[in-house]
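# Chain and residue survey
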Amino acid sequence: MIDHRRLGRELDLFVSDPLAGAGLPIWLPAGAAARHAVEKYVRELERRAGYQHVYSPPLGKRELFALSGHLGYFADEMFPPMRLSADDEFVLRPALCPHHALVYRARGRSYRELPLRVGELGGMYRAERSGVLGGLSRVRAISLNDAHNFCTLEQVGDEVREILRLIREAHAALGVRPAGFRLSLRGPGAKYVGDDASWARAEELLRTALDGVEHEEAPGEAAFYGPKIDIQIVDAAGRESTLSTVQLDFDKPEKFDLSYTDPSGARRRPVLVHRSLVGSMERLFAYLIEVHQGAFPPWYAPVQLLLLPVDAGQADAVARLARRAVDAGLRVEVDAAGSLGARVRDASRRRVPYVGVVGAREAAADAVALRLRDGRALDPMPAADAVGLVGAVVAARSAELLPAG
Ligand SMILES: [Zn+2]
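Time to look at the overall build of the protein chain. Scanning the protein chain from terminus to terminus reveals 13 helices and 20 strands. Long-range contacts, defined here as pairs at least 24 residues apart, represent 71% of the contacts in the protein chain between residues at least 6 apart. Of the accessible surface of the protein chain, which amounts to about 18,600 Å², a share of 52% is contributed by carbon and sulfur atoms.

Here's what the structure looks like:
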């Protein structure tokens, strides 16, 4: 398996420039197009599952992160605070939870609103040592697919099971093959917040939600505020890391004094579930680039259809076909320079799933001959049918290159 850094360079997906800083990669147009398709899919998956999306800034006042406990328990992994004046210090956030607690707190909440699922694909920062940084897998600026689900204690079991279902659905669409599920528990030597009874209850709730799911238990791998379920992946070099996660937290609702009104009118404390379906865009793509060897499923391929006129005589016909495909929502490019053989080889090097060749006969008939990434060549077909074929595969988010049936 080839390292994602090499493929990232060959396919123009991202660049790491020392002038920008280590661990601060820049997504190039091809990488950004693929990421955009994945972000759009995840947002829609969450919308259908009842999530409400917000935007919040990637930095905030020092006091916010003192209250959340991050400055006490997590300062080693944060960038140092930025001081504007003696009483105005800001930090780059290491997590989105403090802002989402403020979303919850923006007004009074009733039990009828729970579970309240606050989602955001947001930026956060980790002061990783430069020695451990590489490509997209370990970075200092992280774009996390994150959400915080506020619910009652009674709702936690169903909520966690539903999150695990969404994780499986997203993995299937993206082509993620998890290496294993891990129940991360408290261990000796680390710092934790919260009392023993809450921890024991939280660990038991997660264990129950994992009933029937093969998993290992990992003492010492819990977050400082609670136990979690981690879904592990393995990279090309055999290194294991966490992609998806579900974490229980009895502590932040306490710290931020979050409450809801129960049916009798009494104020109650919600439980907070932190979850990420697909992790950070950086780690996800480091993995996807390697597991697919750059040949992404058509629905998030940077260019889905590359059109090749055989010679200049087909320029108008190809421009019309490109317009039609773009209007149908596809990512399309035209490559007219150089020999046809060289252009076909370049399309293959770029792992473009569909190449449409238009010669004089196809141009006259408003047709195109599709070649698939796996080497198959289809008979010439009407341009509308070709756009329909690619559109159907993309809409189904299939990993196959031809529609089912
Ligand atoms: Zn969180």
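After presenting the structure, the write-up continues.
Here the zinc ion is held by the protein donor atoms Cys-97 (SG), His-148 (NE2) and His-274 (ND1), which lie 2.1 to 2.4 Å from it. Written as a sequence motif, the donor residues of the zinc ion are C-x50-H-x125-H. Of this pair, Cys-97 sits in helix H5 (residues 97-104) while His-148 is found in strand E8 (residues 141-151), placing the two residues 51 residues apart along the sequence. There is no split in this pair, since Cys-97 and His-148 are both buried.

A word on empty space enclosed by the protein. On inspection of all chains with the given rule, the structure shows two cavities of 30 Å³ or more. Taken as a whole, the largest cavity encloses approximately 70 Å³ of empty space. Surrounding the largest cavity, Glu-39, Val-42, Arg-43, Glu-46, His-53, Gly-119, Glu-120, Leu-121, Asn-145 and Asp-146 form its lining. For the lining of the largest cavity, the element with the highest residue contribution is helix H2 (residues 29-48), accounting for four residues. Of the volumes computed, that of the second largest cavity is approximately 40 Å³. What lines the second largest cavity is simply Ala-317, Leu-321, Val-358, Glu-362, Ala-363, Asp-366, Ala-367 and Ala-383. Looking at the lining of the second largest cavity, the elements that each hand over two or more residues are helix H10 (315-327) and helix H12 (360-364). Broken down by class, the residue content of the lining of the second largest cavity amounts to six nonpolar, no polar and two charged.

With that out of the way, let us pick up H5. The periodicity of an α-helix, 3.6 residues per turn, causes residues three or four positions apart to be oriented the same way. In terms of residue burial, H5 counts as a mostly covered element, since six of its eight residues are buried. Taken together, the buried positions of H5 are occupied by Cys-97, Pro-98, His-99, His-100, Ala-101 and Tyr-104.

The five strands are arranged E17-E16-E18-E19-E20 in an open sheet whose pairing can be described as mixed. One side of each edge strand has no neighbouring strand; the edge strands of this open sheet are strand E17 (332-334) and strand E20 (381-382). Two strands pair when backbone bridges link them, and strand E16 (residues 305-309) and strand E18 (residues 354-358) are joined in this way by five bridges, in the parallel orientation. When the bridges of E18 are listed, Leu-306 appears paired with Val-355.

Two measures define how a pair of helices packs: the angle their axes make with one another and the distance between the axes. For the pair helix H6 (residues 156-174) and helix H7 (residues 196-209), interaxial distance at closest approach is 9 Å and the crossing angle is 50°. When the interaxial angle is binned, H6 and H7 end up oblique. The two elements H6 and H7 meet at a crossing, and its hand is right-handed. In this structure, H6 contributes Val-156, Val-160, Arg-161 and Leu-164 to the contact, and H7 contributes Leu-205, Leu-206, Thr-208 and Ala-209.

Right, let's get into the pattern of salt bridges. The final tally for this structure, using the stated rule, is 36 salt bridges. Glu-39 is the salt-bridge partner of Arg-35, the closest N and O atoms lying 2.6 Å from each other. One end of the pair, Arg-35, and the other, Glu-39, are both in helix H2, four residues apart, so they sit about a helical turn from each other. The burial state of Arg-35 is the same as that of Glu-39; both residues are buried. Salt-bridge contacts for Arg-324 lead to Asp-366; the nearest nitrogen and oxygen are separated by 3.0 Å. With Arg-324 in helix H10 and Asp-366 in the loop between H12 and strand E19 (367-372), the pair connects residues that are 42 residues apart, well separated along the chain. Look at Arg-324 and you get partly exposed, because its relative accessible area is 35%. Within the structure, one salt-bridge network assembled from shared partners comprises Arg-182, Glu-221, Lys-228 and Asp-230.

Reading guide: rules and limits
- Residues numbered from 1 in each chain as written.
- Predicted model: local features only at pLDDT ≥ 70, side-chain atom pairs only at ≥ 80, totals over all residues.
- Heavy atoms only, no water.
- Helix = DSSP H or I, 4+ residues; strand = E, 2+ residues; numbered from the N terminus.
- Contact = heavy atoms within 4.5 Å.
- Areas by Shrake-Rupley, 256 points an atom, 1.4 Å probe, with all protein chains shown as cover.
- Donors = N, O, S within 2.8 Å, 3.2 Å for Na, K, Ca; no water.
- Buried < 20%, exposed > 50% of the residue type's maximum accessible area, 1.4 Å probe, protein only.
- 1 Å grid on protein atoms, 1.4 Å probe; cavity = no way out; pocket = protein on both sides within 12 Å on 5 of 7 lines; lining within 4 Å.
- Points joined across faces, edges and corners; volume = space filled by probe spheres on them.
- Nonpolar A, V, L, I, M, F, W, Y, C, P; charged D, E, K, R; others polar.
- Pairing = 2+ DSSP bridges.
- Axes fitted to C-alpha atoms, helices over the stretch in contact; angles between N-to-C directions.
- Parallel < 35°, antiparallel > 145°, perpendicular 65-115°, else oblique.
- Left-handed = near helix turned anticlockwise from the far one by under 90°.
- Salt bridge = Lys/Arg side-chain N within 4 Å of Asp/Glu carboxyl O.

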